[in-house]
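Spelled out from the first residue to the last, the chains are:
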Amino acid sequence: QCCWFVRDMTFPDQCQLIFLRFSYQTAEQAFRHILNMVDYSKYVMKPLLGEKYVHSGEVVKLPLNFVRQLSLKVQQERPELRCDKVMDTFSGCGLCLPNLTQLPLYHLRDHRPPICVEIKPKCGFLPFSRHITKECKRKVCRFCMHQHYKATNGKWKRLSRYCPLNLFSGSKQRMYVALKNLLEEPQNNLKIFKGGELIFSCKDDAKQQPELNDLIQHLRPYFPHSNGIYNSQQPGKAVLNEFIQVICSALLSGGDSNRSGEPRKVHLSESRPHCEASPFPRDLLRNGNHGLPKDSVLAKVLQVQMLDNLDIEGIYPLYKRVEQYLEEFPKERNRLQIDGPYNESFMDTVKNCPTEDDGSVEYAVGKVHQYRVAMTAKDCSIMITFAPCEEDEEHQLNLEKPRFTYSISILDLDPKPYEGIPHQYKLDTKIVNYYLRSMQAPPPSSLYKERQECTLLFHAV
Ligand SMILES: O=P(O)(O)O[C@@H]1[C@@H](OP(=O)(O)O)[C@H](OP(=O)(O)O)[C@H](O)[C@H](OP(=O)(O)O)[C@H]1OP(=O)(O)O
Ligand SMILES: Nc1ncnc2c1ncn2[C@@H]1O[C@H](COP(=O)(O)OP(=O)(O)OP(=O)(O)O)[C@@H](O)[C@H]1O
């Protein structure tokens, strides 16, 4: 089943679209831009992240009258946070994608529609570049530092306890904590859909808290045995426990097994594996070096994020080298593929960039390309869609009970603009400075949502 799709909304119908919000001088330019996006997804992100996770979509032409009507409808229903965004109603170009909140070929054998969990995990490692000048960047992750800046500038009213390093740790306990923290304070990092309809996300009114009890009611039919067998005092919590475990299993599944049947693990991070801003018992952190299964969606995303091995502090001088060169030789912009095309040759530069700086513009361009690709992976989302399945179905999550069929995709794989690098450099400084300042005067505890006691219950998975 597909639907008309426009950013934060879904419209049940026959097909699915995302409209661009950029404004162009000509429809031709808009068409070329959207084609560029599809090529980037197809020739760069898909080979890096894996065929099975990426859906590149198809550029389509639409009647302008239809686009205008749709734009009016969207504008009325847009969440307040996104009211600064507008749809392109002039070019008539759109991107047609499968509806990832539904399962392909899932015909409602069961009365329970698919549940889809969308996670925007953000950067899952601590930078290890020698170019870093602020020591705190080696100890506290960008997401946790950024929370303080976002709270100060009013993007969010409360701080999130979610830490990407816990999610990407490969440790079930730390992943559990990360997902629990996302449920407590979803911000723009967690959305949940049921049958394609959004049922859980951050509230439009940032002061309001998302309703966990409503979510539990939605999920209860999917985990019927949690209602009584264990934890009979708190069946709601048992439902959430099981739900989190299903998400963890999906995030760790990869289908790649060595001879013993255990998934092969990769240890990607060269930096310390935990963030000092995320309180987690030391003994649990010491308890084994987990790593992620090689083909898991988290390993794929982290691997691409780590193409940023110089950090913005190392990239900015290289960007300036490129800028200086382009000032002298403006026609070289095309040869160096600064604005695409995103094809095999662009991908070659990303993959085969030398490790040592030889002072050339080619080295600088290669590192800048790698950085931009890593930025896409730091801002993408993962969608896990699952539904109850029958015993003999493929792609089952390896849980004793209940059984789910599932599909995992990575979305929002737009190229990040080359011109955005100076902004990234300034933002990095601001984030660090706000963090250091807020550490001198620690934030009032009211900035955090009150902690709810939540028992960790583990099943064999
Ligand atoms: O810079 P960040 O880490 O704040 O990420 C931006 C996101 O903010 P977040 O921190 O996830 O709330 C930001 O998310 P929102 O639109 O604010 O939900 C965008 O994804 C932005 O990308 P773009 O500039 O629209 O292509 C993102 O910008 P990029 O840095 O990825 O270009
Ligand atoms: N193929 C899809 N199927 C179902 N829902 C989707 C699909 N693509 C996107 N969405 C939903 O729409 C939201 C916005 O999509 P997306 O982030 O790709 O748009 P964007 O314009 O690039 O946004 P941003 O400015 O935040 O990067 C996603 O967070 C997701 O909830």
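These numbers come from a predicted model, not from an experiment.

What counts and what doesn't
- Residues numbered from 1 in each chain as written.
- Chains lettered and ligands numbered in written order.
- Predicted model: local features only at pLDDT ≥ 70, side-chain atom pairs only at ≥ 80, totals over all residues.
- Heavy atoms only, no water.
- Near = heavy atom within 4 Å.
- Polar contact = N/O pair within 3.5 Å; in protein donor to acceptor, adjacent residues only side chain to side chain.
- Areas by Shrake-Rupley, 256 points an atom, 1.4 Å probe, with all protein chains shown as cover.
- Pairing = 2+ DSSP bridges.
- Helix = DSSP H or I, 4+ residues; strand = E, 2+ residues; numbered from the N terminus.
- Axes fitted to C-alpha atoms, helices over the stretch in contact; angles between N-to-C directions.
- Contact = heavy atoms within 4.5 Å.
- Phe/Tyr/Trp six-rings, centres within 6.5 Å; stacked < 30°, edge-to-face > 60°.
- Buried < 20%, exposed > 50% of the residue type's maximum accessible area, 1.4 Å probe, protein only.
- Salt bridge = Lys/Arg side-chain N within 4 Å of Asp/Glu carboxyl O.
- Core = buried A, V, L, I, M, F, W, Y, C linked by side-chain atoms within 4.5 Å.
- Domains from an automatic or database assignment.
- Buried area = accessible area lost by both parts, 1.4 Å probe.
- Nonpolar A, V, L, I, M, F, W, Y, C, P; charged D, E, K, R; others polar.

## Comments concerning the site of ligand 1
Inspection of the region around ligand 1 gives 15 residues, with Lys150, Lys155, Asp379, Lys416 and Gln424 positioned closest. Contact distances for ligand 1 include 2.9 Å between an oxygen atom and a side-chain N or O atom of Lys122. Take Asp379: an N or O atom from its side chain is 2.7 Å from an oxygen atom of ligand 1. Here ligand 1 loses 72% of its free accessible area of 600 Å² to cover by the protein chains.

## Some thoughts on the sheet that holds strand β12 (residues 404-411)
The strand order β8-β7-β6-β11-β12 describes an open sheet built from five strands, whose pairing is antiparallel. Edge strands, defined here as strands with exactly one partner in the open sheet, are β8 (197-200) and β12. Direction aside, neighbouring strands of the sheet carry axes that sit 25° apart on average. Two elements, strand β11 (residues 381-388) and β12, share eight bridges in a ladder whose sense is antiparallel. The residue bridging Phe386 from the neighbouring strand is Tyr406, located in β12. Most of the contacts of helix α5 (residues 172-184) go to strand β7 (residues 190-194), to which it runs at about 80°, and overall it touches β6 (115-119), β7 and β8. Helix α6 (residues 212-219) contacts β6, β7 and β8 of the sheet and is inclined by roughly 125° relative to β8.

## Section: the packing of aromatic side chains
This structure, assessed with the given rule, holds 12 aromatic pairs. Ring geometry for Tyr319 and Tyr418: centres 4.9 Å apart, planes at 45°, overall tilted. Here Tyr319 is found in helix α10 (residues 311-328), whereas its partner Tyr418 is found in the loop between β12 and α14 (421-440), with 99 residues between them in sequence. Judged by relative accessible area, which is 8%, Tyr319 ranks as buried.

## So, the pattern of salt bridges
Here the structure, examined in full by the defined rule, presents 20 salt bridges. Two residues, Asp311 and Lys137, come together in a salt bridge whose shortest N-O distance is 2.7 Å. One end of the pair, Asp311, is in helix α10; the other, Lys137, is in the loop between β6 and α3 (142-152), with 174 residues separating them in the sequence. For Asp311, a relative accessible area of 7% puts it in the buried group.

## Here's the deal with the nonpolar core
The biggest cluster of nonpolar side chains holds 77 residues, and the ones touching the most others in it are Ile119, Leu183, Phe243, Leu251, Ile384 and Phe386. Top element by residues in this core is helix α7 (residues 235-252). It accounts for 10 residues. If near-sequence neighbours (up to four positions away) are discounted, Leu251 is found in contact with Ile119, Leu167, Met175, Ser296, Val297, Leu298, Ile382 and Ile384. Tyr319, Val322, Leu336 and Val365 belong to the second largest nonpolar core, which has 20 residues in total.

## Notes on the domain arrangement of the chain
By the assigned domains, the chain splits into domain 1 (3-96) and domain 2 (115-307 + 376-447). Across the boundary between the two partners, domain 1 contributes 14 residues, which contact 23 residues of domain 2. For the pairing of domain 1 and domain 2, the buried interface totals around 1600 Å² over both sides, and the portion due to carbon and sulfur atoms is 63%. The largest contributions to the domain 1 side of the interface with domain 2 come from Leu49, Tyr53 and Leu81, which together make up 40% of the buried area. Where domain 1 meets domain 2, there are zero salt bridges. Taken together, the connections running from domain 1 to domain 2 amount to five residue pairs in polar contact (both at pLDDT 80 or more). Looking at which element gives the most residues to the side of domain 1 that touches domain 2, the answer is helix α1 (residues 27-49), with five residues. Partitioned by chemical class, the residues of the side of domain 1 that touches domain 2 number nine nonpolar, two polar and three charged.

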